[in-house]
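# Notes for the structure review
What follows is each chain in one-letter form.
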Amino acid sequence: MPVTVRRISSHSLTGRSSFKGRWRVGCILIIQLVLVLIYLYFIYSSSLKSSTTLRHHREVRHSSLNLGSSSASPSSSDSKASGGQSTVPSQSQLGRAHDAHPPPPLAPEANAEAAARALAGVRIKAVASDTGSWNSVEAVVGLAAHGGAAVSVHFSGACARLVRLKRLALKRANVQLVIEEEEGEDDRDTSSAPQGALVQTLDEYVSNADDPHDILLVAASASAEGTAASQRAICLGAEVMRRAPRTPSVTLFVEDRYASALATIAKVESSCGPSADRMYAFLAADNTAKDVLIAHSTYTGRVDVVGAPMYDEGVRQRRAAARGAGASKVPAALATDGLLADEWRRRGVLRKMLRMDPTRDTLVLVAGQTTGTAQIVDAVCHGLKRFFGEDSGGAAKGRLGKLLLLEHPRSPPRDRAAAAAARARCTATHDVNLTNLGLAKEDSAALLAMRSEEWLPVADVVASGYSTTNFYAMLQNRTGVVYMAVPEIMHQFRNDKHLDMMPEVAAGAALSATDGDEFSDILELVLWSRWLFDPKTARLAPWWGAEAMAPGVDPIRRLREVAGKRDALLAVHDGSASVRVIGVMREALHAR
């Protein structure tokens, strides 16, 4: 039987092989597609988790700017009880701080204008004698006048002098300005007074039976002339109440910062009797102010913690600016440090005038005090030389480290001379001289006229004793806020405030240095964290060389702890202090 051989064509063989090859390639592509989808899923999950964490940190970081924040400031008595250690919990424990020190409630109306309209027709007189005392009540005066109250303000002392020099003016036209008589001036001579202003002594203003008041708003002051004016106004207000018991008026005493009212309370007690009987309420700026008042005065009356009205406008403006556009234009490291888009643009303009790079170079803003400024300058300059280099100011390595001193307006000639000598020792490589920048006369004058808080966007680190400039910087979420605990500053602080340490430092909400070496360490901490916060440089070595932080130090974690405690301390300064004062006024009127 013949055998039949079946021939397989080359075409059939090639087709079958081609099919198997395509099937194999298809399987491989499907597997690769599945792996890519899995990879993309994990990337998406990680990015979602990171964005959620970042949003959480931002919410914690800016919690002091939100109404109804659940954090609160620690008291100085708690700090003393713990041996000077911080009593404010860490970020993970911030919720518990609400139970220990709940922030004061808002006025019945959360809306400021609605609260102010409740005072329509109420006659309010305010007394201020220097810029600090006027700052503490200006926002309240403006809000009450906006709501329809009949408001007048009496300026004496430094405030009256500034008005006559046209360097101070009321922001609202519907507030009556009254200024103290100058020596040799009578109530008919208004030649040096602004148009529309009245000229009266403080006694005439408060005690005028033809111009009675429902509420007398007295501003506390740390200066000697301000203390005397506040004491006189409170005693005069008590005399008005005694003469007209059927139509009683009420006196509210408003404090700008802790311990500024102690001298006034003591003078009231010695000149016209118990202070608790002379005023309706004492309005404290925070829990520290309340604790200091109770511990170091004989006042036994009502105390309300309302916050400091002087910070209201700035807090609200920054809250609105943070919601605006342009934040993405700010470098990541500076945005994390609280810098807003408008501030970033201002920083660029002013840094150019100072001959400094807006990101690479480091500027330390030194806010002078009435004493001890020279010791602060010496410490800061030593820290700059130690960190950046002795003679080059860091220029040889492509960076600059300089200080800018803004002297206190009340600093005596002796302190100014000592500060000038300290700047001379610092040398021009580390010191910014605003009068020697080679600018046009108009530009130089504009720089010299700037207030310390206006310089904050330009500075990388803010250093002072216990100036309000440091507090303004904390309210702007600045990381590099340093309280300089040098000997002269601490001696003056203990005499003025009756505390062993600045409450911000005791609470762990700010950094502190006692000498130049410690200040240099703080520079390293702040600048390292800047680079680690910036995703473009986080994986790179810092630009200042191969130096490393101390073993075990995590700069970001350390500064986040400070930021969390800062937010808890500043919770009461939420932009609603003026509304709370208006609420106390309403209570006082109903209690008459």
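Let us look at the structure shown here. Along each chain, residues carry numbers from 1 onward, in the same order as the chain's sequence is written. A pLDDT threshold of at least 70 governs which residues receive local features in this predicted model, and a stricter bar of 80 or more applies before side-chain atom pairs are shown or counted, although totals over entire chains, interfaces and linings include all residues. The side-chain numbers reported here are obtained from all heavy atoms of the structure, hydrogens and water having been left aside.

With a 1.4 Å probe rolled over the protein chains alone, any residue whose accessible area is under 20% of its type maximum counts as buried; one over 50% counts as exposed, and the rest are partly exposed. Counting from the N terminus, the helices are DSSP H or I runs at least four residues long and the strands are E runs at least two residues long. Of the positions making up helix α11 (residues 312-322), those classed as buried are D312, V315, R318 and R319. Buried residues in α11, looked at end-on, bunch into an arc of 140°, giving them a common side. Elements that come into contact with the buried residues of α11 comprise α13 (341-353), α17 (468-475) and α22 (577-591). Relevant arc is that of directions from the helix axis to the C-beta atoms, nothing else. The contact rule is simple, with two residues in contact once any of their heavy atoms fall within 4.5 Å.

This brings us to the pattern of salt bridges. For salt bridges, the criterion is a side-chain nitrogen of Lys or Arg within 4 Å of an Asp or Glu carboxyl oxygen. Scanning the model with the defined rule gives 24 salt bridges in all. Two residues, R347 and D460, come together in a salt bridge whose shortest N-O distance is 2.7 Å. Of this pair, R347 sits in helix α13 while D460 sits in the loop between α16 (441-449) and β11 (461-464), placing them 113 residues apart in sequence. Here E561 and R557 are joined by a salt bridge, their closest N and O atoms 3.8 Å apart. Residue E561 and its partner R557 are located together in helix α21 (residues 555-569), separated by four residues, close to a single helical turn. A residue is classified by how much of its surface remains accessible, and E561, at 37% relative accessible area, is partly exposed.

So, about the nonpolar core. Core analysis: the biggest nonpolar cluster contains 102 residues, and V364, V380, L403, W455 and F519 have the highest contact counts within it. Contact partners of L403, with chain neighbours within four places excluded, come to L363, V364, V366, V377, V380, C381, L384, C426, H430, D431 and V432. Among buried residues, those of type Ala, Val, Leu, Ile, Met, Phe, Trp, Tyr and Cys that are joined through side-chain atoms within 4.5 Å constitute a nonpolar core. Core analysis: the second largest hydrophobic core is formed by 44 residues, V199, I215, V306 and M585 among them.

Sheet architecture is open: five strands sit in the order β10-β9-β11-β12-β13, paired in parallel fashion. At either margin of the open sheet sits one strand with a lone partner, and together these are β10 (401-406) and β13 (511-513). Geometrically, the sheet is characterised by an average inter-axis angle of 25° between neighbouring strands, direction not taken into account. DSSP-based pairing: two strands are paired if at least 2 bridges between them are found. Lines fitted to C-alpha atoms define the axes here, with helix axes fitted over just the stretch in contact, and angles between the N-to-C directions of these axes take values from 0 to 180 degrees.

Moving on: the packing of aromatic side chains. Ring pairs (aromatic) are described by centroid distance and by the angle formed between their planes. The pairing test for Phe, Tyr and Trp rings, Trp by its six-membered ring, is centres within 6.5 Å, and the orientation test on the planes gives stacked under 30 degrees, edge-to-face over 60, and tilted for anything in between. Overall, the coordinates contain seven aromatic pairs when judged by the stated rule. Seen from their ring centres, Y466 and F493 are 5.0 Å apart, and the 65° between their planes marks the pair as edge-to-face. A residue pair is termed long-range when its members are at least 10 positions apart, and Y466 in the loop between β11 and α17 and F493 in helix α18 (residues 487-497) qualify at 27 residues. Taken together, the aromatic side chains of F253, F282 and Y299 make up a single cluster linked through ring pairs. Whether a charge sits over a ring depends on NZ of Lys or CZ of Arg being within 6 Å of the ring centre and within 35 degrees of the ring normal. Against the face of Y258 rests K497, its NZ or CZ located 5.2 Å from the ring centre.

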